[in-house]
Amino acid sequence: MSSVSVSRLSKSYNSIKALDNVSFDVSKGELFGIIGPDGAGKTTLFRLLTTLILPDCGSAVIEGLDVVNDYASVRRIIGYMPGRFSLYQDLTVEENLNFFATVFNTTVKENYHLIEDIYKHIEPFRTRRAGKLSGGMKQKLALSCALIHKPKVLFLDEPTTGVDPVSRKEFWEMLLKLKSQGITIIVSTPYMDEARLCDRIALMQNGKFLRIDSPDNITASYPYRLWAVTANNMHGLLNDLRACQYVKSSFSFGASCHVTIDESASAAMLDAYLSTRGYDDIGIKEIQPTVEDCFMLMLKEDAQ
Amino acid sequence: MTEEYVIQAENLTKRFGDFTAVDHITFSVRRGEIFGFLGANGAGKTTAMRMLCGLSRPSEGKGTVAGFDIGRYPEKVKRNIGYMSQKFSLYEDLRVWENLRLYGGIYGMKDREIAEKTDTVLRSIDMESERNTMVCDLPLGWKQKLAFAVSTFHNPKIVFLDEPTGGVDPITRRRFWEQIYGAAASGITVFVTTHYMDEAEYCDRVSIMVDGRIKALDSPMALRNKFGVSDMDEVFRMLAREATRKGD
Amino acid sequence: MKQFITFVRKEFLHIFRDSRTMLILLGMPMVQMLLFGFAITTEVRNTKVAVFDPSQSMETRAIKERFDASEYFTIAEEIRDVSRINDVFKYGEIGLVMVFSDDFESELHQGGDAAVQLITDGTEPNQASMITGYASNILAQSMQELSEGSGAPCRIIPEIRMLYNPQAESAYNFVPGVMGMILMLICAMMTSIAIVREKENGTTEILLVSPMKPIYIILSKVTPYFTLSMVNLVTILLLSVYVLGVPVAGSLSLLLLVSVIFIFLALSLGLLISNVVNTQVAAMLVSGMGLMMPVMLLSGLIFPVESMPLPLQCLSAIVPARWYVDAIRKIMIQGAEIQFVLKEIGILLFVTVALVALSLKTFKNRLN
C-alpha cells in the first residue's frame, strides 16, 4: 500500500495554474524528492497535501486518509516544515521544542530518541532564542519540531534553501537516517545535486511534473552522448561551442562545458574545430549525465 | 593604491560587542574581475559585504572601494557601486521602464541619459517588448535579468551580487551567468556570493571565509589543485569543516 | 488542557519578551489616564467672581464676604448693568458670575426661598462644574448661618447656568471615555496583531497542521489579553479614584460586569479583524483607524454626544464603545442602579454575541 497517493490534483490562483493535473504515488518509507525552480508549484502541492488549502479538483490520500474529508485525522499523522523558517523567533530553542511537543499532544521525553541525532547539534544552544540561530541550526530546530510527534509522513518544503553546502549535506544525512526508521519523506529542493539522494524524484516546472523516476533511471535515459569540454579560455569557449553548427546544446557546468553534438559529428571533429579557433589545453571526454543535465533537456523540450 | 584594484581590504574587522564577525580580512579585487565570495552561513560574508558597500562602518582596518575609503566616504562608495540581492530590489507594482527611470533618478542621471540608457539596456537583455509590463507579471528569470540590469544601470565600477541565483531553474541560472560575464567583459567588477558550488567555478578567483577569516583565496583551478580534489564543493567542505563557530 | 496552558504560557512569553508590547499594554493606559486627567482637571483656587447684586442688603454682603474669605474665590467685580453679565467672560478673567435676585432679602425672609444664579463658562465644562460645586457649597454654608441668625428656616436655591455649552455633563466625563478607549485598544488591536503576527511568521501553517483544535488556538490567544485587560481595568479605576479623585458612585460589581462584557466585545472584534487581514500593518490600520478614531471622536470622550449634529449622533449609535462609555458614566458618576443601564448592557451583549458568532464563522481552518 502506498503512503501517499495523489490523483489528478489541480489548483489555480486567478488565471494561473499553480498545480496542473498532478498524479503520483509514494510508498511507505520512501524518500521522494520534488525538484524544481521557484514558482514551479512545489509549495502549492505541499499545502494541498498538508490540508492547508483545498484543491480545485483531484484527490490526495495520505495513509488511507483523504486530505479534504479526513483533514483532522491527516493533521495528526503528518509533520510539516514550511519553506520559510516558521518557529517562534522570540522563544528559545527549548521553549519552541516543548511548545510544539505539547501542541501535538506529546512530550519531548517520549520521542526524544527520534530527534536525538538532530537535536544534539543544537542542544548546547537550548537557551538561545531561535531568531538568533544560524541558518543551518534553524533548519535543524525546525526539523526537530516537525518530528517531535513521530509523524508517519514528513513534508519538507525547501528545507535547504539558503543553507551552505556543509549544513545541507548534514541535513541530508539526517533525512537518510529518518528514512531508515520507516518515515515516508516528501522533500522539495531547488538544488539538483540533492536529487541523487532521493529514492525517486519528480522534476517539476510550471505546475506540472515533467517526469517521475529514480535518479538513476532518469540519468540513464538521457538520449544523447554527453561530452565535458574544457579549454584555456572557458568563457569564450561557451560562445564558440554555441556557434558551432553540429553542437546541439552547450551549457557551462562548473569547470567544464557539457556539450551534446549531432550523431554525424565526433569528438575529434569538435577538437579540430576548437583548435582552429585558437584554443589550447582542449579536453573532451564523455561523461555520465547528471540530473541537472536531464532537467535542462526536459525544460528545453517542454518549452518547445 | 594601484589603479588596477577596485576593491582593497586591509585587516578589515567588524566587532559586535565581544564577538568578532569579520576578523582582519585582507584581499584585493582587480578591475573587471569576477570575484566569488564564499562561506558557510554565519561565517561573516554578509557583514563583510555590508562594510564594502558602505552600509556598516569597520571596527578596525581599512577598505577602499572604487577609490574611496569605506569608513570615511561611504556615500561616495555607494554612488559608484551597484547592488543586487536575492530578493531582487525591483518594485513589483511599477512597470519595467518605471523601475529603470526610478533607479536612474536615484543616482542623479539626467532624463535624456535615462531614456537612452533604457533603450540600450532593454535591447541588451532582450526585453524591449516588455517595456510597459508590470514587474509582478514577469517570470522569475526575467525579473532576475532586469534586476541585474537595474543594479548596473548607472554604470557602476563594481556590482555586488548577494546570492543572485537562489531558486531559479538551471537554464535561467546559466543565462544569468552569461549576463555577468558580459558585464565583466565591459569592465564592471563583479563581487558575488553564492551557495551553488558549480557557480564558484565560473569566478576568476574565489575566497572562502571560515569563522570570520579568509581561509583560501585563489582561482578555482588553483584551489582544486592545492587541495587535490576534483571540484569546488569538496574544497569548500574541507575548509568549512574546520569551522568552530556555530550560529551567529 | 495541557495544550491550552502551554499555549497561554507561550503567549505570555511573547508579550513579556517584547518590551514595546509591554509598554503599550501596561504603560499607555496609565499615561493616557494621567494625561487626560491632568490636562482637564485644573484646581479651583482664587477664581475671580463678578457679582450682580441689585439689593446690596446685609444678607448678600455676608454671602459675598464668605466667598471672598474662601481660598477658592475672590470677588473681583461688582456689575451694575445686567446686560454686562454676558460680556465679563469674554475677557477671560472671570470664572464665575453670581446674580442675586432684585429683592433677595425679602424673598429670603418672607418666602424662605431665595434664588442665586451661578453662571459659569461652559467652554471648559469640567472646570465650570467644579466651580459651581464649590460655590454651591459656600452658599449652603451661608444659608445655614442665615437660618441660625434669623431663627426662621430659609433656603437659598442656586440656579446653575453654563454659558456656551449648556449640555456639558459631569466633570469626570473623560474617565469612562478613556476606559472605553483603552479596553478597545488593548483587546481589539493587540489581539488582532498577535494573531496576525503568527500568520505573517508562518507559524499559523504549523499550528493549523497540528491536531490542536482551532477553538483552543483562539481561546489561548485571547486569554492573556483578557487577563491584561482586567489588570488595566483595575489600574485605571485605582488611578481615577486615588490619583484623580474621581470616585465610583455606583456599584463596583455592576461596573466590573459591564466592563467584562465590553472586554469580550472588544476581543471578538479583534478576532474578527485578524480573520480578515493578513499583515500586522493592516491589522494596526484597521483597528487603529476603524476602532480608535470612532471611539475617540464619537463615544463622547472628547465631544459630548448630545451636542453633535444629528447624523453624527446616529453614527455614534453604532459605535459599541459609546454605549459602554454611557453605561460607565451612569454607574460611576451618577451612581445609577442596574435598571438604568439595562439598555446599554443589552446592546453590548447583543453586539458581543453577534461578533463572536461572526468571528467563529469567518475563522479559517485552512490558509486562504
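Residues numbered from 1 in each chain as written. Chains lettered and ligands numbered in written order. Predicted model: local features only at pLDDT ≥ 70, side-chain atom pairs only at ≥ 80, totals over all residues. Heavy atoms only, no water.

**Student:** It is not clear to me how the overall build of chain A should be interpreted in this structure. Could you clarify?
**Tutor:** Scanning chain A for helices and strands turns up 10 helices and 14 strands. Projected onto the principal axes, the alpha-carbon positions of chain A cover approximately 70 × 45 × 35 Å. Taken over 304 residues, chain A has a buried fraction of 57%. For chain A, the exposed area adds up to about 12200 Å²; of that, 46% sits on carbon and sulfur atoms. Across chain A, the centroid of the 33 positively charged side chains sits 5 Å from that of the 36 negatively charged ones. (Helix = DSSP H or I, 4+ residues; strand = E, 2+ residues; numbered from the N terminus. Buried < 20%, exposed > 50% of the residue type's maximum accessible area, 1.4 Å probe, protein only. Areas by Shrake-Rupley, 256 points an atom, 1.4 Å probe, with all protein chains shown as cover. Lys, Arg positive; Asp, Glu negative; His and termini not counted. Charge placed at Lys NZ, Arg CZ, Asp CG, Glu CD.)

**Student:** How do you make sense of the overall build of chain B when you look at a structure like this?
**Tutor:** Tallying secondary structure elements over chain B gives nine helices and 10 strands in all. In terms of overall size, chain B behaves like a compact globule, its C-alpha atoms giving a radius of gyration of 18 Å where 248 residues would be expected to give roughly 18 Å. Over its C-alpha atoms, taken along the principal directions, chain B stretches across nearly 50 × 40 × 35 Å. Buried residues in chain B amount to 58% of all 248 residues. Restricting to contacts in chain B with at least 6 residues of sequence separation, those with at least 24 account for 68%. (Rg over C-alpha atoms; globule rule 2.2 N^0.38 Å. Contact = heavy atoms within 4.5 Å.)

**Student:** Hey, could you run me through the packing of aromatic side chains in this one?
**Tutor:** A full pass over the atoms with the stated rule returns 23 aromatic pairs over all chains. Summarising the aromatic geometry, the rings of A:Tyr88 and A:Phe99 are spaced 5.5 Å apart at their centres and angled 85 degrees between planes, so their arrangement reads as edge-to-face. Within this pair, whereas A:Tyr88 is found in the loop between β6 (78-81) and α3 (93-103), its partner A:Phe99 is found in helix α3, the two being separated by 11 residues in sequence. With respect to class, A:Tyr88 is no different from A:Phe99; both count as buried. Centre to centre, the rings of B:Phe27 and B:Phe35 are 5.4 Å apart; their planes meet at 10 degrees, and the pair counts as stacked. Among the aromatic residues, ring-to-ring pairing joins B:Phe27, B:Phe35, B:Phe37, B:Phe160 and B:Phe191 into one connected group. Above the plane of the ring of B:Trp142 lies B:Lys145, whose end atom (NZ or CZ) is 4.8 Å from the centre. For C:Arg322, the ring lying beneath its charged end belongs to C:Trp323, and the centroid distance is 4.4 Å. (Phe/Tyr/Trp six-rings, centres within 6.5 Å; stacked < 30°, edge-to-face > 60°. Lys NZ or Arg CZ within 6 Å of the ring centre and 35° of its normal.)

**Student:** Explain the pattern of salt bridges here, please?
**Tutor:** Pairing is possible between side chains of opposite charge, provided their charged atoms come close. Throughout the structure, instances matching the rule amount to 45 salt bridges over all chains. Between B:Glu178 and A:Arg242 there is a salt bridge, with the nearest N and O atoms lying 3.1 Å from each other. Of this pair, B:Glu178 sits in helix α6 (residues 170-185) while A:Arg242 is found in helix α8 (residues 234-243), placing the two residues in two different chains. A:Arg242 gets classed as partly exposed once you look at its relative accessible area, which sits at 37%. Put simply, C:Lys64 and C:Glu78 hold a salt bridge, and the shortest N to O gap is 2.7 Å. Placement of the pair is C:Lys64 in helix α3 (residues 58-69) and C:Glu78 in strand β2 (residues 73-79), with a sequence separation of 14 residues. Of the residues examined, C:Glu78 reaches a relative accessible area of 28% and is grouped as partly exposed. Each member of the salt-bridge network shares a partner with another, and the members are A:Glu292, B:Arg173, B:Arg174, B:Asp198 and B:Glu199. (Salt bridge = Lys/Arg side-chain N within 4 Å of Asp/Glu carboxyl O.)

**Student:** I would appreciate a short explanation of the interface of chain C and chain A in the present structure.
**Tutor:** How big an interface is tends to be expressed through the accessible area that disappears when the partners come together. Across the boundary between the two partners, chain C contributes 26 residues, which contact 31 residues of chain A. Both sides of the chain C and chain A interface together cover about 2700 Å² of buried area, and 58% of this is carbon and sulfur. A per-residue breakdown of the area chain C buries against chain A is headed by C:Arg17, C:Val209 and C:Arg366, which together make up 27% of the total. Connecting chain C to chain A are two salt bridges. A:Arg47 is the partner of C:Glu205 in a salt bridge, and the nearest nitrogen-oxygen pair spans 2.9 Å. The tally of links between chain C and chain A comes to 10 residue pairs in polar contact (both at pLDDT 80 or more). (Buried area = accessible area lost by both parts, 1.4 Å probe. Polar contact = N/O pair within 3.5 Å; in protein donor to acceptor, adjacent residues only side chain to side chain.)

**Student:** I tried to follow the interface of chain B and chain A on my own but got confused; where do I start?
**Tutor:** With 30 residues of chain B at the contact, the number on the chain A side is 37 residues. Taking both sides of the interface into account, the surface hidden between chain B and chain A amounts to around 2700 Å²; carbon and sulfur atoms contribute 60%. For the pair chain B and chain A, the number of links is three salt bridges. The shortest N-O distance in the salt bridge between B:Arg174 and A:Glu292 comes to 3.1 Å. Between chain B and chain A we count eight residue pairs in polar contact (both at pLDDT 80 or more) in total. Those elements that provide at least two residues to the side of chain B that touches chain A are α6, α7 (197-200) and α9 (232-240) of chain B. Element by element, the count of residues in the side of chain B that touches chain A is highest for α6(B), at six residues.

**Student:** Could you clarify how one ought to interpret helix α3 (residues 96-106) of chain B in this entry?
**Tutor:** Since the α-helix advances by 3.6 residues per turn, residues separated by three or four positions end up pointing in the same direction. All names here are of chain B. Val96, Glu98, Asn99, Leu100, Tyr103 and Gly104 are the residues of α3 that are buried. Where the residues of α3 are buried, they touch α4 (111-124) and α5 (140-151). Just past α3, the residue glycine 108 takes up positive phi, approximately 75 degrees.

**Student:** Would you explain a nonpolar patch on the surface in this entry?
**Tutor:** Taken together, the side chains of C:Ile215, C:Tyr216, C:Leu219, C:Val356 and C:Leu360 present a nonpolar region at the surface, about 400 Å² in accessible area. Structurally, C:Leu360 is set in helix α14 (residues 342-362). (Patch = residues over 30% accessible without salt bridge, like charges linked within 9 Å, V, L, I, M, F, W, Y side chains within 5 Å.)

**Student:** What is the right way to look at the sheet that holds strand β2 (residues 16-27) of chain A in this model?
**Tutor:** Hydrogen bonding along the main chain pairs the strands of a sheet, whether they run parallel or antiparallel. Residue and element names in this part refer to chain A. With respect to topology, four strands assemble into an open sheet ordered β2-β1-β4-β5, the strand pairing being antiparallel. Edge positions in the open sheet fall to β2 and β5 (65-66), since each of these has one partner strand only. Two strands pair when backbone bridges link them, and strand β1 (residues 2-13) and strand β4 (residues 57-62) are joined in this way by five bridges, in the antiparallel orientation. Note that in β4 the partner of valine 6 across the bridge is alanine 60. (Pairing = 2+ DSSP bridges.)

**Student:** Help me understand unusual backbone geometry, please; the structure alone is not making it clear to me.
**Tutor:** Excluding glycine, most residues fall at negative phi; most peptide bonds, likewise, are trans. One non-glycine residue, A:Glu63, lies in the positive phi region at around 50 degrees. Along the polypeptide, A:Glu63 turns up in the loop between β4 and β5. Classification of A:Glu63 by relative accessible area gives buried; the value is 16%. Even without glycine at this site, B:Ala66 takes up a positive phi of about 55 degrees. Topologically, B:Ala66 is positioned in the loop between β4 (60-65) and β5 (68-69).

**Student:** So what exactly am I meant to see when it comes to the state of the cysteines here?
**Tutor:** Note on terminology: disulfide describes a covalent bond linking the sulfur atoms of two cysteines. As enumerated under the stated definition, the model contains zero disulfides over all chains in all. In this model B:Cys203 remains outside any disulfide bridge; the closest cysteine sulfur is found in A:Cys257, 15 Å from its own. By relative accessible area, B:Cys203 is classed as buried at 5%. (Disulfide = S-S within 2.5 Å.)

**Student:** I tried to follow the nonpolar core on my own but got confused; where do I start?
**Tutor:** Side chains of nonpolar character tend, in soluble globular proteins, to be buried together. Counting residues in each nonpolar core, the largest one holds 65 residues, and the members touching the most others are C:Met179, C:Met184, C:Val258, C:Phe262, C:Tyr324, C:Met332 and C:Leu348. Of all the secondary-structure elements, those providing two or more residues to this core are α2 (19-40), α7 (174-201), α9 (214-243), α10 (252-276), α11 (280-298), α13 (320-333) and α14 of chain C. Broken down by element, this core gets its largest block of residues, 18 residues, from α7(C). Sequence-distant contacts of C:Met179, defined by excluding residues within four places in its chain, comprise C:Leu233, C:Ile236, C:Leu237, C:Ser259, C:Tyr324, C:Ile328 and C:Met332. The next biggest cluster of nonpolar side chains, apart from the first, holds 62 residues, and it includes A:Val93, A:Ala101, A:Ile122 and A:Cys198. (Core = buried A, V, L, I, M, F, W, Y, C linked by side-chain atoms within 4.5 Å.)

**Student:** What am I meant to see in the packing of helix α4 (residues 112-122) of chain A against helix α5 (residues 135-147) of chain A here?
**Tutor:** Helix packing geometry: the angle between the two helix axes and the distance between the axes. Residue and element names in this part refer to chain A. Viewed as axis vectors pointing N to C, α4 and α5 meet at an angle of 150 degrees, and their least axial separation amounts to 9 Å. Between α4 and α5, the angle is such that the two are roughly antiparallel. Two packed elements cross with a definite hand, and for α4 against α5 that hand is left-handed. For the pair formed by α4 and α5, the contact residues are Leu114, Ile115, Ile118, Tyr119, His121 and Ile122 on the first element and Met137, Lys140, Leu141, Leu143, Ser144 and Leu147 on the second. Here the contact of α4 with α5 is built from residues that sort into nine nonpolar, two polar and one charged. (Axes fitted to C-alpha atoms, helices over the stretch in contact; angles between N-to-C directions. Parallel < 35°, antiparallel > 145°, perpendicular 65-115°, else oblique. Left-handed = near helix turned anticlockwise from the far one by under 90°. Nonpolar A, V, L, I, M, F, W, Y, C, P; charged D, E, K, R; others polar.)

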